[in-house]
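Spelled out from the first residue to the last, the chains are:
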Amino acid sequence: MANAWTVDEQQFMQRALDVAERGRGKVSPNPLVGCVLVKDGVIIAEGWHDHLGGLHAEQMAIHDAESNGHSPNGSVAYVTLEPCNHFGRTPPCTEALMWAGVKEVIVAHYDPNPTVRGKGIQVLQDAGIEVRQGLLESEASIQMSPFLHWCEHRRPQVTVKLAVDANGSVDDRHLEAQRFTSETCLDRVHMLRNECDAVLVGAETVIRDDPLLTVRRVPCERQPLRVVLDPNNRTPPSAKLFADGLETLHMKGDFTSLSALLNLLGDREIQRLMVEGGPKTISSFLDQGLVDEFYFIQSPVVHTEPVASGIDAKRLTAAGLALISTEEWGDEVLHLWSRLNTSTKSNRS
Ligand code: AOF
Ligand code: ZN
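Residues numbered from 1 in each chain as written. Chains lettered and ligands numbered in written order. Predicted model: local features only at pLDDT ≥ 70, side-chain atom pairs only at ≥ 80, totals over all residues. Heavy atoms only, no water.

Focus: helix 2 (residues 57-67)
(1) Moving on: Those residues of helix 2 that sit buried are A57, E58, Q59, A61, I62 and A65.
(2) Moving on: Buried positions along helix 2 lie against strand 1 (34-39), strand 2 (42-48), strand 3 (76-81) and helix 3 (93-100).
(3) Moving on: Residue G69 follows helix 2 closely and has a positive phi angle near 80°. (Buried < 20%, exposed > 50% of the residue type's maximum accessible area, 1.4 Å probe, protein only. Helix = DSSP H or I, 4+ residues; strand = E, 2+ residues; numbered from the N terminus. Contact = heavy atoms within 4.5 Å.)

Structural notes on the coordination of the zinc ion (ligand 2)
(1) Moving on: Within the protein, H56 (ND1), C84 (SG) and C93 (SG) serve as the donor atoms for the zinc ion (ligand 2), at 2.0 to 2.2 Å.
(2) Moving on: Each donor residue of the zinc ion (ligand 2) lies on one chain, and together they are spaced H-x27-C-x8-C. Of this pair, H56 sits in the loop between strand 2 and helix 2 while C93 sits in helix 3, and the two are 37 residues apart along the sequence. The burial state of H56 is the same as that of C93; both residues are buried. (Donors = N, O, S within 2.8 Å, 3.2 Å for Na, K, Ca; no water.)

Some words on the sheet that holds strand 6 (residues 157-164)
Two orientations exist for strands paired in a sheet by backbone hydrogen bonds: parallel and antiparallel.
(1) Moving on: Strand order in the open sheet formed by eight strands is 10-9-8-11-6-12-15-14, and the pairing between neighbours is mixed. Two strands bound the open sheet, and with one partner strand each, they are strand 10 (248-252) and strand 14 (322-329). Between one strand axis and the next, the sheet turns through 20° on average, direction left out of account.
(2) Moving on: In the sheet, strand 6 pairs with strand 12 (residues 293-298) via six bridges, with the strands oriented parallel. In the sheet register, A163 faces strand 12, and the bridge partner there is I297.
(3) Moving on: In this fold helix 9 (residues 258-267) packs onto strand 6, strand 8 (198-202), strand 9 (225-230), strand 10 and strand 11 (272-277), with an angle of close to 160° to the strand it touches most, strand 9. (Pairing = 2+ DSSP bridges. Axes fitted to C-alpha atoms, helices over the stretch in contact; angles between N-to-C directions.)

Things to note about the packing of helix 3 against helix 4 (residues 119-126)
(1) Moving on: Look at helix 3 against helix 4: their axes get within 10 Å of each other, and the N-to-C directions meet at 25°. Comparing the axis directions of helix 3 and helix 4 gives the class roughly parallel. The two elements helix 3 and helix 4 meet at a crossing, and its hand is right-handed. Contacts from T94, L97 and M98 of helix 3 reach helix 4 at G120, V123 and L124.
(2) Moving on: For the contact of helix 3 with helix 4, the class distribution of residues is four nonpolar, two polar and no charged. (Parallel < 35°, antiparallel > 145°, perpendicular 65-115°, else oblique. Left-handed = near helix turned anticlockwise from the far one by under 90°. Nonpolar A, V, L, I, M, F, W, Y, C, P; charged D, E, K, R; others polar.)

Observations concerning the site of ligand 1
(1) Moving on: The immediate surroundings of ligand 1 are formed by 18 residues, with H56, A57, R89, D111 and N113 found nearest.
(2) Moving on: At 2.8 Å from an oxygen atom of ligand 1 is found a side-chain nitrogen or oxygen belonging to H56.
(3) Moving on: One of the side-chain N or O atoms of D111 is found 2.6 Å from an oxygen atom in ligand 1.
(4) Moving on: When ligand 1 is considered free in solution it has 510 Å² of accessible area, and contact with the protein chains removes 95% of it.
(5) Moving on: Residue classes in the shell around ligand 1 are distributed as seven nonpolar, seven polar and four charged. (Near = heavy atom within 4 Å. Polar contact = N/O pair within 3.5 Å; in protein donor to acceptor, adjacent residues only side chain to side chain. Areas by Shrake-Rupley, 256 points an atom, 1.4 Å probe, with all protein chains shown as cover.)

Digging into the pattern of salt bridges
(1) Moving on: Evaluation of the coordinates by the stated rule reveals 22 salt bridges.
(2) Moving on: For R217, the salt bridge identified is with E183, shortest N-O distance 2.6 Å. A residue pair is termed long-range when its members are at least 10 positions apart, and R217 in the loop between helix 8 (203-209) and strand 9 and E183 in helix 7 (residues 183-194) qualify at 34 residues.
(3) Moving on: Owing to a relative accessible area of 45%, E183 belongs among the partly exposed residues under this scheme.
(4) Moving on: In this structure, R222 engages D197 in a salt bridge whose closest nitrogen and oxygen atoms are separated by 3.2 Å. Here the residue R222 occupies a position in the loop between helix 8 and strand 9, and D197 occupies one in the loop between helix 7 and strand 8, the gap between them amounting to 25 residues.
(5) Moving on: Via salt bridges that share partners, E21, R24, E195, R272 and E293 belong to a single interconnected network. (Salt bridge = Lys/Arg side-chain N within 4 Å of Asp/Glu carboxyl O.)

Given below as structure tokens:
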């Protein structure tokens, strides 16, 4: 029987989810986590996991209360993830909550990390702290989906980005290689890259576009790992991405199993992989049922000598994806397709 949550409780957890967003792009391989402390129906402190190695959300919230002159003693903590009970990069949050005198902890999502898995909740309950779990759980699971996916499958969630013209073409043979989407759209793509741990393209894209595949238009603390699939060893050694000193994983030769590649990236704690092109590479991921999210960007421009992408709604549906939202990204329209809100399962073999 699900808990019946009050409107206030839902709003407090929503605030915890909102502040967790402040760590976006900075905490991987940790999840985004937010926490608010509530006393007498009012939020007295907020905390979030801000960057890898930084304080956990609960500890930041307790600090926040103290530095604002509030005592956390007797407060209720709303946390988006089950508090940890282990010494990792920080001491256990369970101890911090007990020491602070928090009387109740409300958790959105349990922590599937093998070092936690219910132990955090158990320790709090053993100490006489009331714990309730499940408030805005599915919202939290979407927010921390790369972490949850990696805990379950030990391989990255796969996010594809593809930009097409008004007729579904990815390129104009008539022109030198050039971007056809707007500046605003490019900003959004860089934001998305910044949320991913690795970016993958095929040799074709390196040969035609000579891209850097770095995050440049938004602040970035750690550049994603670049992965180039080059089965026929065609990538020129002079390509820019081999020359900037950042790491590139160059998969030369007959590396046919994308599934094995995902396992390899998972072993490196890559939790979210962005596949940026081109259509041949993207098609291979779709055909093997390996795509979790698809950012399909449609531009109003019309190419003179089009190069058909071969990817449309029918194809995405066949790959197990569903259209979940449509929004404007500058001059373009983003159609976001996903399997994530129907299932977090994928297929590690
Ligand atoms: C929490 N609150 O804000 C976060 C938690 O390496 P560490 O010490 O930062 O620990 C990382 C693990 O702790 C991570 O894999 C996840 O299980 C949990 N993250 N837990 O209580 C937080 N970020
Ligand atoms: Zn913790």
